[in-house]
Amino acid sequence: MKHSLAKLSRCSRFYRQVARPVAWLLQETPLSDQQTIEALPDSGWYRLTAQVPDDQQTLWWLMGMSTNVKVLAPSTWRETLKTNAAQVLAHYQDTPDTCDTH
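Residues numbered from 1 in each chain as written. Predicted model: local features only at pLDDT ≥ 70, side-chain atom pairs only at ≥ 80, totals over all residues. Heavy atoms only, no water.

Draft legend 1. Broad picture of the overall build of the chain. Tallying secondary structure elements over the chain gives three helices and four strands in all. In the chain, the succession of helices and strands from N to C terminus is β-α-β-β-α-β-α. Every one of the 102 residues in the chain was classed for burial, and the buried ones make up 29%. Sequence separation of 24 or more characterises 59% of the internal contacts of the chain that already satisfy a separation of 6 or more. (Helix = DSSP H or I, 4+ residues; strand = E, 2+ residues; numbered from the N terminus. Buried < 20%, exposed > 50% of the residue type's maximum accessible area, 1.4 Å probe, protein only. Contact = heavy atoms within 4.5 Å.)

Draft legend 2. Region of the structure containing the nonpolar core. Core analysis: the biggest nonpolar cluster contains 17 residues, and Phe14, Val18, Leu62 and Trp77 have the highest contact counts within it. Elements with a contribution of two residues or more to this core: strand 1 (11–19), helix 1 (20–28), strand 3 (45–53), helix 2 (56–65), strand 4 (69–73) and helix 3 (75–93). Every residue in contact with Val18, bar those within four places of it in the chain, is listed here: Ala23, Gly44, Trp45, Tyr46, Leu48, Asn68 and Val69. (Core = buried A, V, L, I, M, F, W, Y, C linked by side-chain atoms within 4.5 Å.)

Draft legend 3. Region of interest: the pattern of salt bridges. With the rule as written, the count across this model stands at two salt bridges. In this structure, the salt-bridge partner of Glu38 is Arg47, at a minimum N-O distance of 3.5 Å. You can call Glu38 partly exposed: its relative accessible area is 43%. On the basis of relative accessible area, Arg47 is assigned to the partly exposed category, the value being 31%. Between Lys82 and Glu79 there is a salt bridge whose closest N-O contact spans 3.2 Å. (Salt bridge = Lys/Arg side-chain N within 4 Å of Asp/Glu carboxyl O.)

Draft legend 4. Local environment of helix 3. Its 19 residues give helix 3 an end-to-end C-alpha distance of 27 Å, which sits within 8% of 27 Å, the value for a rise of 1.5 Å per residue. Within helix 3, burial applies to Trp77, Thr80 and Leu81. Summarising the axial view, the buried residues of helix 3 lie within an arc of 95°, below the 170-degree limit, and thus occupy one face. Residues of helix 3 that are exposed and point more than 90 degrees away from the buried face comprise Ser75, Leu89 and Gln93. (Expected span 1.5 Å × (residues − 1). Arc of directions from axis to C-beta.)

Draft legend 5. Structural detail: the environment of Lys70. Looking at the element boundaries, Lys70 is found in strand 4. By relative accessible area, which is 45% here, Lys70 ends up partly exposed. On a C-alpha basis, the gap between Lys70 and Ala19 in space is 8.9 Å, while along the polypeptide they are 51 residues apart. Among all residues touching Lys70, those that are not within four sequence positions of it are Tyr15, Arg16, Gln17, Trp45 and Arg78.

Draft legend 6. Structural context of unusual backbone geometry. The peptide bond linking Ala73 to Pro74 adopts the cis configuration, its omega dihedral lying at 5°. In this structure, Pro74 sits in the loop between strand 4 and helix 3. Despite not being glycine, Asp42 shows a phi value in the positive range, around 60°. Considering the arrangement of structural elements, one finds Asp42 in the loop between strand 2 (35–39) and strand 3. On the accessibility criterion, Asp42 (85% relative accessible area) is exposed. A positive phi angle, near 50°, is found at Ser66, a position not held by glycine.

Geometric values such as these leave the question of function open.
Here's what the structure looks like:
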């Protein structure tokens, strides 16, 4: 199933794991007033819960966070991010390893 990044007009309760640098950034600049961050035991990861817009801008922000975030919910965002990651990987599968300067 292909997912669209089209803007949706609602907010979603957002659950994800974030790397330590992202947790620090989000404590300094929260995503929303309804945000919590808690350390996960025995790891460098944190659990983030926030009420955020369910829109293209949020998805682009998530894509920009790359491997520093792992979306747990909503599942539609997880699937969109997985599809995007597969497309990026496929793009580089077809790219030669040599550097052609011509």
